[in-house]
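Each chain, letter by letter, is given below.
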Number of protein chains: 2
Amino acid sequence: LDGVILLPQKPNGEYGYSLCTANDEDVANFVRDEVVAPVAFASSFARNMDRLFADGEPPAIVYVTNPSDRHGNLMNEIIRASVEALIRGWRHEDETLANAGDLTWAVQPNQMVRYDTEDAEALTFAADWAATLTNRVRKMDSINLWLPRSIKRSTGKSAMPSSISRVLPGLHKGRTAVITGGSLGIGLQLGRFLAIAGARVLLSARSEEKLAEARADIVEELRNIGYPRPEGRVKILGGIDVGDPDALDRLHDHAVAELGHVDFLINNAGISGAEEMVVDMTRAAWDRTMEANLISNYSLIRKFSPAMKAGGKGSILNVSSYFGGEKYVAVAYPNRADYAVSKAGQRVLAEILSRHLGPEIQINALAPGPVDGARLRGSAEAPGLFDRRGLLVLENKRLNEIHKAILAGMSDDFGVADVLTLATNRLDAVDVDALPKPIARLILKVRDSGGLGNSSQYLMHTGIASKLMTRLVRAGLLSDEQRDQFLDAFVDAPAPFFDFAETSKQAEQIETGILNRLHLHKMPTDEQVGLSTVFHLADDIVSGETFHPSGGLKFDRSVTEGELLLPPNESEVAKLKGKRVVLIGNSMKSELTNIANGFLAQHVEKLWVLTKTEDAANSLKHAVSNPNGANIECRAIGDDIESNLDAILRDDGGYDVVVSSPFERLPLNALAASANESWDRVLSDGEFRKLVHDQLTHHFRVARTSALVPNCQIVLITPDTSLASTREEFALALFVKNSLHAFTVTLGVEGERLPTVPAINQVQLTRRAHTEEPSNDQELAEEMTRLVHAVMQCSVPAPTPSESRYLSKIFRGNAVTV
Amino acid sequence: LDGVILLPQKPNGEYGYSLCTANDEDVANFVRDEVVAPVAFASSFARNMDRLFADGEPPAIVYVTNPSDRHGNLMNEIIRASVEALIRGWRHEDETLANAGDLTWAVQPNQMVRYDTEDAEALTFAADWAATLTNRVRKMDSINLWLPRSIKRSTGKSAMPSSISRVLPGLHKGRTAVITGGSLGIGLQLGRFLAIAGARVLLSARSEEKLAEARADIVEELRNIGYPRPEGRVKILGGIDVGDPDALDRLHDHAVAELGHVDFLINNAGISGAEEMVVDMTRAAWDRTMEANLISNYSLIRKFSPAMKAGGKGSILNVSSYFGGEKYVAVAYPNRADYAVSKAGQRVLAEILSRHLGPEIQINALAPGPVDGARLRGSAEAPGLFDRRGLLVLENKRLNEIHKAILAGMSDDFGVADVLTLATNRLDAVDVDALPKPIARLILKVRDSGGLGNSSQYLMHTGIASKLMTRLVRAGLLSDEQRDQFLDAFVDAPAPFFDFAETSKQAEQIETGILNRLHLHKMPTDEQVGLSTVFHLADDIVSGETFHPSGGLKFDRSVTEGELLLPPNESEVAKLKGKRVVLIGNSMKSELTNIANGFLAQHVEKLWVLTKTEDAANSLKHAVSNPNGANIECRAIGDDIESNLDAILRDDGGYDVVVSSPFERLPLNALAASANESWDRVLSDGEFRKLVHDQLTHHFRVARTSALVPNCQIVLITPDTSLASTREEFALALFVKNSLHAFTVTLGVEGERLPTVPAINQVQLTRRAHTEEPSNDQELAEEMTRLVHAVMQCSVPAPTPSESRYLSKIFRGNAVTV
């Protein structure tokens, strides 16, 4: 027992407000309940003290009187006086006994007097103070502890602080923080809790207005906690779109001007991305996501690090996502490949830069799972994540069904003209009997589906139709003119296509699915994530790690380091006979030569080699050996990947396998400089943008086209590092392979759902650690052999889900290290 | 500017102690410096206030006077009075101006009066209070703030709290914690910081004495912070060896009796383990490590969880290690296989139990890297980790060199008699010319090595000799009698064998190597890890995760989910022709049959099938088909694994491949029960011990013997789950495969260093997620085929480090999932 709090038995007015006007019974009751009872309690308590607290200190005892009765407090004053007399007597008695050695302790009761203030916070304040007294050995000599007339005047607080705002202040006192995306969600909560913890913060975001609201709330909270001049502790900078490089310069300059030095850089801002399957995603949308989520991240790290290094300290937090994966592990995020890659990239940046930015700077990643907040639930202006996903799932399902039926129809000798008839769209206007069976079956199924909106009367809406046409054109099945003709003739379905109830049901299913995968069966809130992260930020000995504040989400994950041991079975590899293979690359000439020779030895029918430069095309043409007389074509295509693949699809009969290797080598820049060195040689944001373009976007461009080719095997190759590679180059190679794997594994899962069932896998030439790499010519030759075997293995036709659901998963989304 | 603190210009006595006795010059100086100067400052400051603080509040201004001069404070009293007059005037002036609307603020200076106390803490307290006043808007009406006569009496604090003890209190207020291994290191720091944060803690350990010391320190610290009755906040229980199941019962009972409910269970106690290579590790040492580090962990979770579930909350932290790996990743820890497995097991327990213990209970793991503290640095009684490892590295290097020379000698027709001559040990007494070349070369090399101790005069010391003999006997090369004969004749080297300087140098190299691998280039201390972990424990939304408080250690890691795509190359698998294969197992009969048939189809020369029961031996005998007439022998061996493998080595000419599958199935128990259900069906500690024995120790026993067989391929198989498996059974399968991988990868690395260069790999039948498992008969058949292919692939002779360093690593320590 640490404390006892005694309250009056009755509220004000129960016995009247004055002894003069009260009747005899009230007087008797008042004296019994409020004057005698406390004495009786004290007596009984004191008698039992020895037995109850044999070897400790006695509990703190606090009497609390009633609040102001607004009638002069006459009766309250009697209670106060009697309790005071009681306390005085008790203290005196204990002291006497203790002096005589009859008692090993002395009780020191106090009295909290509440009735001479009508301050709105008086009750909370008194309760809080009473509780505090029971928890401290602070022995107040005063018997009566009067509440101050004005709590605000005495304490500077207009409201009692919450328990967390008592614990936090001081945790980050004197620190400064820059937070992007600070106007809502996790960013706002991080800013708020860092400020509560004593840091001065600069919140940036696009909307000046939302920032101003956020700031006002935080300032008010700081004022209530008792921070002096709270306005000066929270700065804002609006108009900052992290997708705009100039804005990042402004943010950096503003931060330096406003905060002086920066202790915490919180890279929180980001966009949701395209929210499309890879095959439907535009290049522009992909680039936007890379710029806003990944390149901006590096850019800010690059801007703030020199001063942090020079100042000897700093802490950077990249707000990634559960879907950014973990060390050696990628997580598939269907319909969000661009987002997943950008988030994986943010996480890997923390892993590879930690060594270079350390020991002065810590850099870590935050990987929240689904968080119950603004982003998830949406707002008046924008639907939440679940609603968007719910709709997308329904739309993509319809799109894939139509796409599949058309592909199936094609093999039943279905012509372009038949596709064009579908522009009628309204199902009762379509002549089902005139259509090939797969399409007719689909239309009957859709008619019977009983969709609540117009989705059972119409085949698609304009959005679906337009995506479908784009797929068919890009797959070489329709011409641009035919697409335009279709869309011109297209009869749009009236809104809503999918009824709101239908979409909501889908959204609910998604939410339930996610909750079932969370160990604690609940999603944390923005506030909880912000709070736990602010505690994480107090850890000053960790770098290169990923925090999981809402951990325990069980999604299928894929490891980044699949291993190939023995060469693949020859009879399996022989299935490459007669296949049509596209080989893309420029910088890795000897690897391309060996891979080409590997395919040619397997009697492939046709081999296209697409290089960036004429030189590379010529040198490859001469280097390959073609013992079985395959048809080989080497083309220099500059940057024109898409149209060259389109041409092969449209004019040259298509392909079965595409092997994509980068056109460019890794940059050779430093990743940091020491405190007193120049940062000129350190990878700039422009060079990082180029790296993303050359090593990640490059493969996206190849894969999004090739995934529309039926049963295409897609193999992505990540750059090699040489015997002489620096640890910086090696780090960048790890960045590429680990970030790219988020793409590979996502398209791997999407591939199971696409009508073309493509299979994508990744072959990587960089092992986990530099020491595991080949270290002499013999070992380099062994690595080359393993590379060719790995590419062959990933080029053999993969089982489709209809053949074996079990095997079809296994053959997609792997990252094989050689 | 938040605050201004003004101190007197001169210390006490500078102008004398009384105006009456001071000379004229002293008086003039005193008045100028201590009376006029403050007024001049105030005047100048007030004039510039508008310019300096245009839009904020004015800073807090605090005057501090000198401490007691022990001469009556006559001069101090003049300073006090003049500053008081100044403050009074300043306040009045501001108020008047503010009332007139000429000023938007009022300055409220205070004066800290220090000179009437001689309390030792007075200076610290005054400084702290002055600083606090500048940081708060708490406007004290009193002009003079006198320090209390007795700070302890007024505040309950005998010393000023450190900054951390201001931030922490309240963080875990009202919580209770049980901590094993709480007498030193991380455990002690966790207990300490949890107590500072407001939790009541129970520390347990073996030594009552060390616990009592630890408790006394924490209690003193709590008292200084101001906790009431701090003795009651820290309980201890000595005599708790976590390797003793009875002790765990006592701990549980004691915790319930002392704390009532338990909020935090911190499974921190553990032992370092055998610190030997797997081949030298005894079964007893392995069992001890499993019991103390892993089984005890589960046992305590099992004891404390029911009440936590029933109470609706609880948090469990398993103190694992960086070397326990991460999700899907294992870390090799040579010479520490037992430790690595136990730590991986602790981590995986958190991963698999989180779902079952949630949502009420959070369970997480802590994975510290090397921590600069008691464990690492050692103590008077025991050398630290680096010193132990330094010595072990030198000893093992010598042991492996001799072992290697003997094996090489054997192939030069070197007999047992030659081995026995080595018992002479003293190198100048050995007749080098009479020995086979490899041994002669080693002896000459050792002689020239210039070791500082006796390590260049003697071949080995008794410890090395005894390990060597054990290896040779267990490998079937010597008999027990020959070993005894050798050891009887053995001439021990005088101490020290390795000079202290030599060992220390090795230890330093190890330390430097580790520091180079840390991103922040420094090891955290026990205290830092404890502190950051206490912050982590405030995160109430995370479960199933691993915290890395000292993250960023770059060790080679191995992923748990290697993937096999195509079947292996037939010409490679044909290398199994003529090999001698041992197949161990009992419960997985159809898998064993298929694997046996796979080997028999490859023309192996001899196949032993070792089962536990006669039934299994008989049924396998009848199930296999032997088209090429191999020599097949099926034996029921009960639990007698070692002696049966020994017999094959000694009497039957040895083996090239061993495939180890478990004798027993996974248990089918629940892993938790709901709050109001019985826990009778939940896996007991005894059942967990059996699981560890059947699924982990089993493979250790096979591998430690087989790793002594030259060029042996060792394949470990983890249990399958069936179509009908519960998620509990699936979770246990994940536990087995992920914990076992720590063993496989460690022996994988050790295998590169052993003279026998064994290659160990693991084949696992459980995929990452239940949904990826085969779900019909066709898929089950496909899985079986993949299993056989994976086992074949891992049975083909692996390249040795001398053939290819690059390939030899790749072929060892993998975990292939089928």
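Bear in mind that the values here come from a model prediction, so they are computed numbers and not experimental data.

*Asks:* Could you clarify how one ought to interpret helix 1 (residues 24-52) of chain A in this entry?
*Replies:* Each turn of an α-helix holds 3.6 residues, which means side chains three or four residues apart point in the same direction. Residues and elements named next belong to chain A. Between its first and last C-alpha, helix 1 extends 39 Å over 29 residues, near the 42 Å set by a 1.5 Å rise per residue. Largest kink in helix 1: about 40°, centred on Val36, with the proline Pro38 one to four residues after it. Three or more residues of helix 1 are buried, namely Asn29, Phe30, Asp33, Glu34, Pro38, Ala42, Phe45 and Met49. In the core, the buried residues of helix 1 are packed alongside strand 1 (3-6), strand 2 (60-64) and helix 2 (74-99). Capping of helix 1 at its N-terminal end is provided by Asn23; its side-chain oxygen lies 3.2 Å from the backbone amide nitrogen of Glu25.

*Asks:* What am I meant to see in unusual backbone geometry here?
*Replies:* Glycine aside, a negative phi is what most residues show, and trans is what most peptide bonds show. All names here are of chain A. For the bond from Gly358 to Pro359, the omega torsion is 0°, close enough to zero to count as cis. One can find Pro359 in the loop between helix 10 (337-357) and strand 11 (361-366). Phi angles above zero are rare outside glycine, and Asn335 is one such case at about 70°. Looking at where Asn335 falls in the secondary structure, it is placed in the loop between strand 10 (329-331) and helix 10. Its relative accessible area of 7% is what places Asn335 among the buried residues. With a phi close to 60°, His603 is a non-glycine residue in the positive phi region. Note on placement: His603 falls in the loop between helix 20 (589-601) and strand 16 (606-611). Classification of His603 as partly exposed rests on a relative accessible area of 39%.

*Asks:* Sorry, what's going on with the pattern of salt bridges here?
*Replies:* Close approach of charged atoms lets side chains of opposite charge pair. Residue and element names in this part refer to chain B. Summed over all chains, the structure comprises 80 salt bridges over all chains. Notably, a salt bridge pairs Glu231 with Arg223, separated by 2.9 Å at the nearest N-O pair. Its relative accessible area of 23% is what places Arg223 among the partly exposed residues. Residues Lys575 and Glu572 are paired through a salt bridge, measuring 2.9 Å at the closest nitrogen-oxygen approach. Judged by relative accessible area, Lys575 falls into the partly exposed class, the value being 42%.

*Asks:* What is the right way to read the interface of chain A and chain B from this model?
*Replies:* One frequently used descriptor of interface size is the decrease in accessible area upon assembly of the parts. Contact with chain A, which involves 106 residues of that partner, is made by 106 residues of chain B. For the pair chain A and chain B, the summed buried area comes to about 9500 Å², and 52% of that belongs to carbon and sulfur atoms. The largest per-residue losses of area from chain A upon contact with chain B belong to A:Arg229, A:Ile541 and A:Tyr806, which jointly make up 9% of the total buried on that side. With its nearest N and O atoms 3.1 Å apart, the salt bridge here joins B:Arg805 to A:Glu779. With seven residues, helix 25 (residues 777-795) of chain A is the largest single contributor of residues to the side of chain A that touches chain B. For the side of chain A that touches chain B, a count of residues per class yields 37 nonpolar, 33 polar and 36 charged.

*Asks:* Please clarify how the relation of the copies chain A and chain B should be interpreted in this entry.
*Replies:* Note: a rotation about an axis with an accompanying shift along it relates these two copies of the chain. Expressed as a screw operation, the relation of chain A to chain B combines 0.2 Å of axial shift with a rotation of 180°, fitting to an RMSD of 0.3 Å. The transformation just described matches what one would write down for a two-fold rotation axis. It is A:Asn569 whose C-alpha, among those of chain A, lies nearest the rotation axis, at 1.8 Å. A share of 98% of interface residues in chain A that are also interface residues in chain B marks the association as one of identical surfaces.

*Asks:* How should the pairing of strand 15 (residues 580-584) of chain A be read in this particular structure?
*Replies:* Remember that side chains alternate between the two faces of the sheet whenever the strand is regular. Residues and elements named next belong to chain A. Strand 15 sits mainly inside the fold: five of its five residues count as buried. In this sheet, strand 16 lies alongside strand 15 in parallel orientation, the contact comprising five bridges. Opposite Val582, over in strand 16, you have Trp608 as the bridge partner. Between strand 15 and its parallel partner strand 16, the chain crosses via helix 20, and the hand of that crossover is right-handed. As paired strands, strand 15 and strand 18 (residues 657-660) are joined by four bridges and run parallel to one another. Counterpart to Val581 in the pairing with strand 18 is Val657.

*Asks:* Looking at this structure, how should I read the pairing of strand 18 (residues 657-660) of chain B?
*Replies:* Along strand 18 of chain B, one buried face is formed by B:Val657 and B:Val659 and the opposite face, lined by B:Val658 and B:Ser660, is buried too. Traced from strand 18 of chain B through helix 23 (residues 685-706) of chain B to strand 19 (residues 713-718) of chain B, the parallel crossover comes out right-handed.

*Asks:* Explain the sheet that holds strand 4 (residues 144-146) of chain B here, please?
*Replies:* Across a sheet, strands are paired by hydrogen bonds formed along the backbone, either parallel or antiparallel in direction. Residue and element names in this part refer to chain B. Spatial ordering of the open sheet is given by 1-2-3-4, a layout of four strands whose pairing is parallel. Since the sheet does not close on itself, it has two edges, and those belong to strand 1 (3-6) and strand 4, each with one partner. Between one strand axis and the next, the sheet turns by 25° as a mean value, whatever way the strands run. In this sheet, strand 2 (residues 60-64) lies alongside strand 1 in parallel orientation, the contact comprising four bridges. For Gly3, the partnering residue across the bridge sits in strand 2 and is Ala60. Strands strand 1 and strand 2 of the sheet are contacted by helix 1 (residues 24-52), whose axis makes an angle of about 175° with strand 2.

Rules used in this analysis
- Residues numbered from 1 in each chain as written.
- Chains lettered and ligands numbered in written order.
- Predicted model: local features only at pLDDT ≥ 70, side-chain atom pairs only at ≥ 80, totals over all residues.
- Heavy atoms only, no water.
- Helix = DSSP H or I, 4+ residues; strand = E, 2+ residues; numbered from the N terminus.
- Expected span 1.5 Å × (residues − 1).
- Bend = angle between axes of the 7 residues up to and from the residue.
- Buried < 20%, exposed > 50% of the residue type's maximum accessible area, 1.4 Å probe, protein only.
- Contact = heavy atoms within 4.5 Å.
- Polar contact = N/O pair within 3.5 Å; in protein donor to acceptor, adjacent residues only side chain to side chain.
- Salt bridge = Lys/Arg side-chain N within 4 Å of Asp/Glu carboxyl O.
- Buried area = accessible area lost by both parts, 1.4 Å probe.
- Nonpolar A, V, L, I, M, F, W, Y, C, P; charged D, E, K, R; others polar.
- Least-squares fit on C-alpha atoms with pLDDT ≥ 70 in both.
- Pairing = 2+ DSSP bridges.
- Right-handed = clockwise from strand over helix to strand, strands pointing away.
- Axes fitted to C-alpha atoms, helices over the stretch in contact; angles between N-to-C directions.

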